[in-house]
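Structural characterization, general
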Amino acid sequence: MTTTAPAPADRSTAPATAPGSTTKVDLGTIAVVPTRHWWRWILSALLLFVVAQFAWSLVTNDRYMWGTFAQYFFSEPVLIGIGYTLSLTAISAVVGFSLGTLLALGRLSASPLLSSVAWGYIWFFRSVPLVVQIIVWYNLGYLYPTLGLGTPFTTDFWIAEFPTVQLVSAFAAAILGLGLHQAAYSAEVIRGGLVSVDPGQHEAAAALGIPASRRLFRIILPQAMRSIVPNATNEVIGLVKGASVVFVIAIPELFYAVQVIYNRNSRVIPLLLVAVVWYTLITTILSVAQYYIERYYARGSARALPPTPAQRARSWVSTQWARLGDSPAPPGGTDAETPAAPKGARA
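Residues numbered from 1 in each chain as written. Predicted model: local features only at pLDDT ≥ 70, side-chain atom pairs only at ≥ 80, totals over all residues. Heavy atoms only, no water.

1. Some thoughts on a nonpolar patch on the surface
Selection criterion: Here a patch means residues that are over 30% exposed by relative accessible area and free of salt bridges, tied together within 9 Å if like-charged and within 5 Å if nonpolar (Val, Leu, Ile, Met, Phe, Trp, Tyr). Each accessible area is a Shrake-Rupley result for a 1.4 Å probe, and residues are judged covered by the shown protein chains and nothing else. The term salt bridge refers to a pairing of a side-chain nitrogen on Lys or Arg with a carboxyl oxygen on Asp or Glu at a separation within 4 Å. Under the scheme applied here, a residue whose accessible area is under 20% of the maximum for its type counts as buried, over 50% as exposed, and between as partly exposed, the area being computed with a 1.4 Å probe on protein chains only.
Together, Val131, Val132, Ile135, Val136, Phe247 and Val248 give the surface a local cluster of nonpolar side chains, amounting to about 410 Å² of exposed area. Judged by its relative accessible area of 32%, Phe247 falls in the partly exposed class.

Structural data, given as structure tokens:
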């Protein structure tokens, strides 16, 4: 690549050229010096040192008691606690997002009554701490000893009457507390996703005469999912960890099971590490699921989806395998060593 440059200013040493003439400069001969980011290298070295120091302490510090960690990692109480944690998370997420969808639609409704009721629900359940809600549901029998169907504004039950203590067990109280609490936050997540869709999509679909339910589930909601999925996954991950508060009503979920064990043997740190690793594994699986769900709903916005990590790995392996199968080039690589083509053959 070449360009033109003005003639040298020193006329005593420059060759005689006509006024206004230019000389050609080959840009390929100019050395390109990249910008050096010394602070990046220094900070990277410091971070690498801190990570290496921490990893070294994990191996050499006997107080972590990795033997005790391995002993209880797959123990029966811990596995039962994981089952309770996953069950609470799954059921509460279904309850929370189902009710949250209705609340979000209520907030967006043109009816002042529905909008006010939805706003009041969200305001109340976001104002009360989760642990307080769980304890109130667990002690609901103190306020209402029996529940049933009967004459309004009386205590005359004529269809069914159940003792509240039996009807609202500890597990049911945990589901009510987690699910109703989650619904308030899910409603705002879903409402934000619906609002993010261009209003022209609503207007165009309505002009075509598409029913409102089909407009919502086939046009608006798929586009809103691109902004709903990241926030919704954060809520589910928070719900996994938030389920640990049900230990206050003695449900043997993961954190409660770990507490019971280290209260017996006083091995607090290794048992807490068991809970930390299990929570990390669960959230990692949810993060991987979030990646693929986001990729699925990005089909309408991205022309070409980026390859997944598995596809990148397969591509790299196939490339390396192809390189191993290639025969080495002949020594010299000159045209004289290439066998001549037979007569009549086309190049």
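2. A short note on the confidence of the model for the chain
To keep things clear, this is the line we draw: Every residue is assigned a pLDDT by the predictor, reflecting its confidence on a scale from 0 to 100. Two residues form a contact once any of their heavy atoms are found within 4.5 Å.
Residues of the chain with pLDDT of at least 70 account for 85%, and the chain-wide mean is 84. Note on residues 7–14: pLDDT under 50 across the span, and three contacts to partners over four residues away in sequence or across chains.

3. Describing the pattern of salt bridges
To keep things clear, this is the line we draw: Secondary structure elements are taken from DSSP: a helix is a run of H or I of four residues or more, a strand is a run of E of two residues or more, and numbering for both begins at the N terminus.
The tally for this structure, following the rule as stated, stands at two salt bridges. Put simply, Arg107 and Glu188 hold a salt bridge, and the shortest N to O gap is 3.1 Å. Within this pair, whereas Arg107 is found in helix α3 (residues 76–107), its partner Glu188 is found in helix α8 (residues 170–195), the two being separated by 81 residues in sequence. Judged by its relative accessible area of 22%, Arg107 falls in the partly exposed class. One network of salt bridges, in which partners are shared, links Arg107, Glu188 and Arg191.

4. A few points about the packing of aromatic side chains
Going by this rule: The criterion for an aromatic pair is that two Phe, Tyr or Trp rings (for Trp, the six-membered ring) have centres within 6.5 Å, with stacked assigned to planes under 30 degrees apart, edge-to-face to planes over 60 apart and tilted to the rest.
Inspection of every chain in the model, using the stated rule, returns 13 aromatic pairs. Aromatic side chains Phe73 and Phe74 sit 4.8 Å apart centroid to centroid with 90 degrees between the ring planes, which places their arrangement in the edge-to-face category. According to the relative accessible area criterion, Phe73 is buried, its value standing at 11%. A ring pair is formed by Tyr296 and Tyr297, whose centres lie 5.0 Å apart and whose planes are at 85 degrees; its orientation type is edge-to-face. A relative accessible area of 45% means that Tyr296 is categorised as partly exposed. Residue classification places Tyr297 among the partly exposed residues on the basis of a relative accessible area of 26%. A network of ring pairs unites the aromatic residues Tyr64, Trp66, Phe69, Phe73, Phe74 and Trp278 as a single cluster.

5. Here's the deal with the packing of helix α10 (residues 212–242) against helix α12 (residues 268–297)
When two helices pack together, their arrangement is given by the angle between the helix axes and by the axis-to-axis distance. Heads up, the rule is: Only the contacting stretch of a helix is used when fitting its axis, a line to C-alpha atoms as for every element, and angles between N-to-C directions run 0 to 180 degrees. By definition in this entry, angles of less than 35 degrees are roughly parallel, angles greater than 145 are roughly antiparallel, angles of 65 to 115 are roughly perpendicular, and the rest are oblique. We call Asp, Glu, Lys and Arg charged. Ala, Val, Leu, Ile, Met, Phe, Trp, Tyr, Cys and Pro are nonpolar, and the rest, Gly among them, are polar.
One way to put it is that α10 packs onto α12 with a least axis distance of 10 Å and a crossing angle of 175 degrees. In terms of axis orientation, α10 runs roughly antiparallel to α12. Across from Pro222, Met225, Arg226, Val229, Pro230, Thr233, Val236, Ile237 and Val240 in α10, the residues of α12 making contact are Tyr279, Ile282, Thr283, Leu286, Ser287, Gln290, Ile293, Glu294 and Tyr297. Of the residues contributing to the contact of α10 with α12, the split by class is 12 nonpolar, four polar and two charged.

6. A short note on unusual backbone geometry
Of note in the backbone geometry, Ala250 takes a positive phi value of approximately 65 degrees without being a glycine. Structurally, the position occupied by Ala250 is in the loop between α10 and α11 (254–265). What makes Ala250 partly exposed here is its relative accessible area of 47%. Despite not being glycine, Ser266 shows a phi value in the positive range, around 60 degrees. Its place among the elements puts Ser266 in the loop between α11 and α12. For Ser266, a relative accessible area of 56% translates into the label exposed.

7. A closer look at the layout of surface pockets
Where we set the bar: Here a cavity denotes grid points, spaced 1 Å and computed from the protein atoms alone, that fit a 1.4 Å probe unable to get out, and a pocket denotes an open set having protein on both sides within 12 Å along at least 5 of 7 lines; residues with an atom within 4 Å of a point are the lining. Grid points are joined across faces, edges and corners, and a volume is the space filled by probe spheres set on the points.
Counted as a void, the largest pocket has a volume near 390 Å³. Lining the largest pocket are 19 residues, and of these Phe97, Met225, Ile228, Val229 and Ala232 sit closest to its centre. Mapped onto the lining of the largest pocket, the elements with two or more residues apiece are α3, α8, α10 and α12. When residues in the lining of the largest pocket are grouped by element, the largest group, nine residues, is from α10. Residues belonging to the lining of the largest pocket are distributed by class as follows: 16 nonpolar, three polar and no charged. In terms of lining, the second largest pocket is formed by Leu105, Leu108, Ser109, Leu194, His202, Ala206, Ala212, Arg215, Leu216 and Ile220. Elements with a minimum of two residues in the lining of the second largest pocket: α9 (199–207) and α10. Broken down by element, the lining of the second largest pocket gets its largest block of residues, four residues, from α10. Residues of the lining of the second largest pocket, tallied by class, amount to seven nonpolar, two polar and one charged.

8. Quick notes on the nonpolar core
Formally: What makes a nonpolar core is a set of buried Ala, Val, Leu, Ile, Met, Phe, Trp, Tyr and Cys residues whose side-chain atoms join them at distances within 4.5 Å.
One finds Leu88, Leu178, Ile228, Val246 and Ile249 to be the most contacted residues of the largest nonpolar core, which totals 29 residues. Elements that contribute at least two residues to this core include exactly α3, α5 (130–138), α8 and α10. Of the residues forming this core, the biggest block, nine residues, is contributed by α10. Among all residues touching Ile228, those that are not within four sequence positions of it are Val189, Ile190, Gly193 and Leu221. Within the second largest apolar cluster, 18 residues are counted, among which are Phe69, Phe73, Leu273 and Tyr279.

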